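# Close look at the chain arrangement
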Amino acid sequence: QVQLAESGGGLVQAGDSLRLSCAVSGRTFGNYVMGWFRQAPGKERDFVAAWDRTTNYADSVKGRFTISRDNAKNTMYLQMNSLKPEDTAVYYCAAKRATYYYTNMDFDYWGQGTQVTVST
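Owing to the predicted nature of the structure, the values given are computational and were not obtained by experimental measurement. (Residues numbered from 1 in each chain as written. Predicted model: local features only at pLDDT ≥ 70, side-chain atom pairs only at ≥ 80, totals over all residues. Heavy atoms only, no water.)

Moving on, we come to the overall build of the protein chain. The helix and strand inventory of the protein chain stands at 0 helices and 11 strands. Starting at the N terminus and ending at the C terminus, the protein chain contains elements arranged as β-β-β-β-β-β-β-β-β-β-β. The C-alpha atoms of the protein chain give 13 Å as radius of gyration, which agrees with the globular expectation for 120 residues (14 Å, within 12%). For the protein chain, the spread of C-alpha atoms along the principal axes amounts to about 40 × 25 × 25 Å. Taking all 120 residues of the protein chain together, 44% fall into the buried category. Intrachain contacts of the protein chain at a sequence separation of at least 6 include 58% that bridge at least 24 residues. With the model as given, the accessible surface of the protein chain reaches about 6400 Å², and the carbon-plus-sulfur share is 43%. Averaging the positions of the 13 positive and the 11 negative side-chain charges in the protein chain gives two centres separated by 6 Å. (Helix = DSSP H or I, 4+ residues; strand = E, 2+ residues; numbered from the N terminus. Rg over C-alpha atoms; globule rule 2.2 N^0.38 Å. Buried < 20%, exposed > 50% of the residue type's maximum accessible area, 1.4 Å probe, protein only. Contact = heavy atoms within 4.5 Å. Areas by Shrake-Rupley, 256 points an atom, 1.4 Å probe, with all protein chains shown as cover. Lys, Arg positive; Asp, Glu negative; His and termini not counted. Charge placed at Lys NZ, Arg CZ, Asp CG, Glu CD.)

Here it is in structure tokens:
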């Protein structure tokens, strides 16, 4: 069983940066694909980024967001720069026991989410 816990959300202004963290417990994530998703009010949950042995990004965040992970700390990060009001959402980290990420992959484990609000 894998437990995920996000942190680092908050209220920022447009153009600011924020770094989200996802602490992973229960398993080391060497054999897992890790991902970030977000859900804005009234909208479906959308893919943001994923890490297998490469990085994968949604077009809407490419060039602004960076996914990374620290295997020694069992923690994944999402560095978000040049934030926009449309980035406002609850951000979730997710994990799936797999080798490579593919589009529309069904992740098995989810965190509770952390709110990110970007004001104008």
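With that out of the way, let us pick up the pattern of salt bridges. The final tally for this structure, using the stated rule, is 4 salt bridges. For Asp59, the salt bridge goes to Lys62, with nearest N and O atoms at 3.1 Å. For the pair formed by Asp59 and Lys62, the shared burial category is exposed. A salt bridge links Asp108 to Lys96; the shortest N-O distance between them is 3.6 Å. With Asp108 in the loop between strand S9 (89-97) and strand S10 (109-110) and Lys96 in strand S9, the pair connects residues that are 12 residues apart, well separated along the chain. What makes Asp108 partly exposed here is its relative accessible area of 45%. Each member of the salt-bridge network shares a partner with another, and the members are Arg38, Arg64 and Asp87. (Salt bridge = Lys/Arg side-chain N within 4 Å of Asp/Glu carboxyl O.)

Backbone geometry places Asn74, a non-glycine residue, at a positive phi of 50°. Among the secondary structure elements, Asn74 is positioned in the loop between strand S7 (65-70) and strand S8 (75-80). Even without being glycine, Asn104 reaches a positive phi, approximately 65°. Its location among the elements puts Asn104 in the loop between S9 and S10.

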